[in-house]
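Structural characterization, general
One letter stands for each residue in the lines below.
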Amino acid sequence: MSLQEFLNSNPVDNLTEEVVISPRFKDKDGSLMTFTIKAMTNQEFDEIRKASTNIKKGRKVEFDAQTFNLRTIINHTVKPDFKHAESIKALGCSTSEEYVQRVLLSGEVASLASKIQELSGFDVEMEDLVEEAKN
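An account of the accompanying structure is given in this report. (Residues numbered from 1 in each chain as written. Predicted model: local features only at pLDDT ≥ 70, side-chain atom pairs only at ≥ 80, totals over all residues. Heavy atoms only, no water.)

For the protein chain, the helix and strand inventory stands at 7 helices and 5 strands. Reading the protein chain from its N terminus to its C terminus gives the helix and strand order α-β-β-α-β-β-α-β-α-α-α-α. The principal-axis extents of the C-alpha atoms in the protein chain amount to approximately 55 × 50 × 25 Å. Here the protein chain, with 135 residues, has 26% of them falling under the buried criterion. Restricting the contact set of the protein chain to residue pairs at least 6 apart, pairs at least 24 apart contribute 50%. The averaged location of the 23 negative side-chain charges in the protein chain is 10 Å from the averaged location of its 17 positive side-chain charges. (Helix = DSSP H or I, 4+ residues; strand = E, 2+ residues; numbered from the N terminus. Buried < 20%, exposed > 50% of the residue type's maximum accessible area, 1.4 Å probe, protein only. Contact = heavy atoms within 4.5 Å. Lys, Arg positive; Asp, Glu negative; His and termini not counted. Charge placed at Lys NZ, Arg CZ, Asp CG, Glu CD.)

Time to look at the sheet that holds strand 5 (residues 77–79). Spatial ordering of the open sheet is given by 1-2-5, a layout of 3 strands whose pairing is antiparallel. Two strands lie at the open edges of the sheet, namely strand 1 (16–19) and strand 5, each paired on one side alone. Neighbour to neighbour, the strand axes of the sheet diverge by 35° on average, direction disregarded. Sheet analysis places strand 1 next to strand 2 (residues 35–38), joined by 4 bridges and oriented antiparallel. Following the sheet pairing, Glu-18 is matched in strand 2 by Thr-36. Strands strand 2 and strand 5 of the sheet are contacted by helix 3 (residues 65–76), whose axis makes an angle of about 40° with strand 5. Running over the sheet, helix 6 (residues 106–119) touches strand 1, strand 2 and strand 5 and is turned about 45° from strand 2. (Pairing = 2+ DSSP bridges. Axes fitted to C-alpha atoms, helices over the stretch in contact; angles between N-to-C directions.)

Glancing now at the nonpolar core. One finds Ile-21, Phe-35, Ile-73, Phe-82, Val-100, Leu-104 and Leu-112 to be the most contacted residues of the largest nonpolar core, which totals 23 residues. Of all elements in the fold, only strand 2, helix 3, helix 5 (96–103) and helix 6 reach the threshold of two or more residues within this core. Looking at which element gives the most residues to this core, the answer is helix 6, with 5 residues. Those residues in contact with Leu-112, other than ones at most four positions away along the chain, are Val-19, Ile-21, Phe-35, Ile-37, Ile-73, Thr-77, Phe-82 and Leu-104. (Core = buried A, V, L, I, M, F, W, Y, C linked by side-chain atoms within 4.5 Å.)

With that settled, consider unusual backbone geometry. For the bond running from Lys-79 to Pro-80, omega is 0°, close enough to zero to count as cis. For Pro-80, the position within the fold is in the loop between strand 5 and helix 4 (85–90).

Now for the environment of Glu-118. Checked against the element boundaries, Glu-118 lands in helix 6. A residue is classified by how much of its surface remains accessible, and Glu-118, at 41% relative accessible area, is partly exposed. Expressed as a C-alpha distance, the spacing of Glu-118 and Met-40, which sit 78 residues apart in the sequence, is 9.9 Å.

Side chains carrying opposite charge are able to pair once their charged atoms draw close together. Across all of its chains, the model carries 3 salt bridges by this definition. A salt bridge links Arg-24 to Glu-108; the nearest nitrogen and oxygen atoms lie 2.8 Å apart. You can see Arg-24 sitting in the loop between strand 1 and strand 2 and its partner Glu-108 sitting in helix 6, a full 84 residues away along the chain. Overall, the relative accessible area of 44% leaves Arg-24 in the partly exposed class. On the basis of relative accessibility, which here comes to 4%, the residue Glu-108 falls in the buried class. As a salt-bridge pair, Lys-50 and Asp-46 come within 3.3 Å of each other at their nearest N and O atoms. Of the two residues, Lys-50 and Asp-46 are both situated in helix 2 (residues 42–51); the distance of 4 residues between them amounts to about one turn of the helix. Take Asp-46: its relative accessible area is 26%, and that puts it in the partly exposed class. (Salt bridge = Lys/Arg side-chain N within 4 Å of Asp/Glu carboxyl O.)

As structure tokens, then:
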């Protein structure tokens, strides 16, 4: 298969992965439960980055990592659905952001956001890419 054929058969908007984010999530048999995440496209990343960047008086730029992580999680977690209206309402939340903060610990938010970013091509070491290319 050529690189062109590979790219044509593997668009990034179809890239998903099941991940474990914490030992806290276990089913009734004690098996770890997985989250299904999807990769961010370039456009989605840019939209979330812009929404998480504030320009203050005097042109000081501030990046809000919490907003970035929450929006990344809400928009790129397939399972569970953090936009599920009934779940949001059931816990007395009014937004998806509130819901995520109510059901995930701080470290779990960071872990899930990090895994989505990794699936999206961030934090990939060049050595790993070279090794993968060799195989």
